[in-house]
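Chain and residue survey
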Amino acid sequence: MKRIKELILPIYIIINILYLTIGSYCFATLKWSQYNLAQGLWIIAGLNILICLAIMIKKLIKMEKFRFKIIDLFILLIIIFSIISWIFAINQKAALVGSVGRWEGLLVIIYYFTILFLSSFVKKEHKNIIVYAILVSGMIQVFYSLCQVLSIFDVATVYHDQKPWASGFTYNPMFFATYMIICLGLSIGLYFDSEKLIKKILFILCSLCFTIGLFISNTLSCFIGLIFIFIIVLIYSIKNKYFCKLIIITILLISTSITMHLLNATTMFNDFITMQNESKEIVSGNAQKYYGSGRVFIWTETMKIVPKYLTHGAGIDNFLYAFGNKPLQKNRIIYDKAHNEYLQILITEGLFCLISYLLLYIFIVVKGFKNNFKNKQIFLLLPIIGYLVQAFFNISVIVVAPIFYICLGLLVDRK
């Protein structure tokens, strides 16, 4: 009976993953709008709050002391500052439910941090079950994305410049790549943490599939995330003398990337060279607004209005309204996100909220480094590193971000 009770929370989180996978598929095939997906998250957020309260009440009834961790304080602060941002928002409705097409308002933020809080209570022996559910969802999306780029099985596909996009269920290659970097971090980590041969083979094959998924997405920000993941793996391998595993994963990544390049299945290498050239120009003081696929333009224009919204922000998901009567626009493209998650939080939710986010990430990651390197387990650390790096160039979306917050919660050690 006790074991069954302990499985309730992991099963509940897996149901969340299942909902996100099915909901994303319905969104990709236009059976649902993203608004319908968000509505489900609002309901689940309310249920999450009740479960969080139930956990704390249960401990009080059992006369157990509920030990608040420092991360609980940061979660509470983020929610408080988010509520303040909603109250003073330019468009309060958008701040509550999210802007049209994004739907990442206060209600969804509450969902993110309640699912993080709940995930942090999952026992160590049950964390793998949740990770496997994420990997299965990722594998399904890799297969779906290959069908998209190969134009087989008549799957729903988005076209750009008359070419099919590898977007999985996310409707956009950037978001699909973010999902891939999370899954790739998990599979590489599980490969290093596995002792049985069958598991090693399974996770190396998973890593191969997710690497292919990442490269066909042609998203450079997540490729940079992969570089940082590899740096952590390199340090971890040297520290624990996992040289054979390091050689195998290095060969896998290099051979796959070269093969994809030779087959013209990815533009990642050309994009990387372009980024290097642009970076040199920026360092030399010759930055152009079109650098970084227009990100330099977005960032420079956004930084100009940061002082105006420094304390409480323009309002959650109010980037569209932060520039006055006219939204930020360039060449008929209207920008509703800062294309940098940290800058997005700063301009929409304010400096204090951003600091709370950063401190939350820092405390969890630093503690994760200590625990995971000590216990020789890094499978939960790698996806967090990959996501946080790519977040400098990407945006948060409701079809992927919940998976990140679940992984972030699993990285927490409540003991």
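Residues numbered from 1 in each chain as written. Predicted model: local features only at pLDDT ≥ 70, side-chain atom pairs only at ≥ 80, totals over all residues. Heavy atoms only, no water.

**Quick look at helix 2 (residues 34–61)**
Selection criterion: Here a helix means four or more residues in a row that DSSP labels H or I, a strand means two or more in a row labelled E, and each is numbered from the N terminus. By this rule the span expected of a helix is its residue count minus one, scaled by 1.5 Å. Working definition: with a 1.4 Å probe on protein chains only, accessible area under 20% of the residue-type maximum means buried, over 50% means exposed, and in between means partly exposed.
Look at helix 2: 40 Å from first C-alpha to last across 28 residues, which is about the 40 Å you get at 1.5 Å a residue. Along helix 2, the residues classified as buried are Gln-34, Leu-37, Ala-38, Gly-40, Leu-41, Trp-42, Ile-44, Ala-45, Asn-48, Cys-52 and Ile-55.

**What about the nonpolar core?**
A general trend in soluble globular proteins is that nonpolar side chains are found buried together. This is how it is decided: Residues belong to a common nonpolar core when they are buried Ala, Val, Leu, Ile, Met, Phe, Trp, Tyr or Cys residues joined through side-chain atoms within 4.5 Å. Any two residues whose heavy atoms approach within 4.5 Å at even a single point are treated as in contact.
By size, the foremost hydrophobic cluster in this structure holds 134 residues, and its most contacted members are Phe-113 and Tyr-405. Discounting residues that sit within four places of it in the chain, Phe-113 has contacts with Ile-75, Ile-78, Ile-79, Tyr-357, Leu-360 and Tyr-405. Residues Ala-28, Tyr-144, Cys-147 and Val-155 belong to the second largest nonpolar core, which totals 5 residues.

**A look at the packing of helix 6 (residues 124–150) against helix 16 (residues 401–411)**
Heads up, the rule is: Between N-to-C directions, angles span 0 to 180 degrees; the directions come from axes that are lines fitted to C-alpha atoms, helices contributing only their stretch in contact. Under this scheme an angle from 65 to 115 degrees is roughly perpendicular, one under 35 degrees roughly parallel, and one over 145 degrees roughly antiparallel; angles in between are oblique. Note on convention: near helix rotated counterclockwise from far helix by under a right angle means a left-handed crossing. Clockwise means right-handed. Gly is placed with the polar residues, together with every amino acid not listed as nonpolar (Ala, Val, Leu, Ile, Met, Phe, Trp, Tyr, Cys and Pro) or charged (Asp, Glu, Lys and Arg).
Contact pair helix 6 / helix 16: the axes reach a minimum separation of 11 Å and the direction vectors enclose 160°. One way to sum up the angle between helix 6 and helix 16 is to call them roughly antiparallel. For the pair helix 6 and helix 16, the sense of crossing is left-handed. Across from Lys-127, Ile-130, Val-131 and Ile-134 in helix 6, the residues of helix 16 making contact are Ile-403, Ile-406, Cys-407 and Leu-410. Looking at the contact of helix 6 with helix 16 residue by residue, the class counts come to 7 nonpolar, no polar and 1 charged.

**Overview of the state of the cysteines**
Rule in force here: Criterion for a disulfide: a pair of cysteine sulfur atoms within 2.5 Å.
The tally for this structure, following the rule as stated, stands at 0 disulfides. No disulfide involves Cys-52; its sulfur sits 18 Å from the nearest other cysteine sulfur, which is in Cys-407. Cys-353 carries a free sulfur, and the closest cysteine sulfur to it, the one in Cys-52, is 18 Å from it.

**Quick word on the packing of helix 3 (residues 70–87) against helix 5 (residues 106–119)**
Here helix 3 crosses helix 5 at 175°, and the two axes come no closer than 10 Å. Judged by the angle between their axes, helix 3 and helix 5 are roughly antiparallel. For the pair helix 3 and helix 5, contact is made by Asp-72, Ile-75, Ile-78, Ile-79, Ser-82, Ile-83 and Trp-86 and by Leu-106, Ile-109, Phe-113, Leu-116 and Phe-117, respectively. Classifying every residue of the contact of helix 3 with helix 5 by side-chain character gives 10 nonpolar, 1 polar and 1 charged.

**Observations regarding the environment of Leu-135**
Residue placement: Leu-135 occurs in helix 6. Put simply, Leu-135 and Phe-203 are 68 residues apart on the chain and 9.8 Å apart in space, counted from C-alpha to C-alpha. Discounting chain neighbours no more than four positions away, the residues touching Leu-135 are Cys-183, Leu-186, Ser-187, Leu-190, Phe-203 and Phe-210.

**Quick word on helix 6**
Between the first and last C-alpha of helix 6 there are 40 Å, a value that for 27 residues agrees with the 39 Å anticipated at 1.5 Å per step. A positive backbone phi angle near 55° is found at Ser-151, which sits one or two residues after helix 6.

**With respect to the pattern of salt bridges**
Our working rule: Here, a salt bridge means any side-chain nitrogen of Lys or Arg that lies within 4 Å of a carboxyl oxygen of Asp or Glu.
Under the definition given, this model contains 5 salt bridges. Between Arg-414 and Asp-72 there is a salt bridge; the shortest N-O distance is 2.7 Å. With a gap of 342 residues between them, Arg-414 in the segment after helix 16 and Asp-72 in helix 3 connect regions that are remote in the sequence. Connected through salt bridges with shared partners, the residues Glu-104, Asp-317 and Lys-337 form a single ionic network.

**Digging into the environment of Ile-129**
In this fold, Ile-129 is placed in helix 6. For the pair formed by Ile-129 and Ile-14, sequence separation is 115 residues and the distance between their alpha carbons is 8.3 Å. Ignoring anything within four residues of it in the chain, the contact list for Ile-129 reads Leu-7 and Ile-14.

**Considering a nonpolar patch on the surface**
Rules: Each patch is built from residues that are more than 30% exposed by relative accessible area and take part in no salt bridge. Like charges join if they lie within 9 Å; nonpolar side chains (Val, Leu, Ile, Met, Phe, Trp, Tyr) join within 5 Å. Here the Shrake-Rupley method, with its probe set to 1.4 Å, supplies the accessible areas, and only the displayed protein chains count as covering residues.
On the surface, Ile-70, Leu-73, Leu-310, Leu-351, Phe-352, Ile-355, Leu-358, Leu-359, Ile-362, Phe-363 and Val-366 cluster together into a nonpolar patch covering about 850 Å² of accessible area. Mapped by element, the contributors of at least two residues to the nonpolar patch are helix 3 and helix 14 (351–375). When residues of the nonpolar patch are assigned to their parent elements, the largest contribution, 8 residues, is made by helix 14. Within the secondary structure, Phe-352 sits in helix 14.

**Topic: unusual backbone geometry**
Even without being glycine, Gln-162 reaches a positive phi, approximately 65°. By secondary structure assignment, the location of Gln-162 is in the loop between strand 1 (159–160) and strand 2 (163–164). By relative accessible area, Gln-162 is classed as exposed at 77%. The phi angle at Asp-317 is positive, at roughly 55°, despite the residue not being glycine. Tracing the backbone through its elements, the reader meets Asp-317 in the loop between helix 12 (295–305) and strand 3 (329–330).

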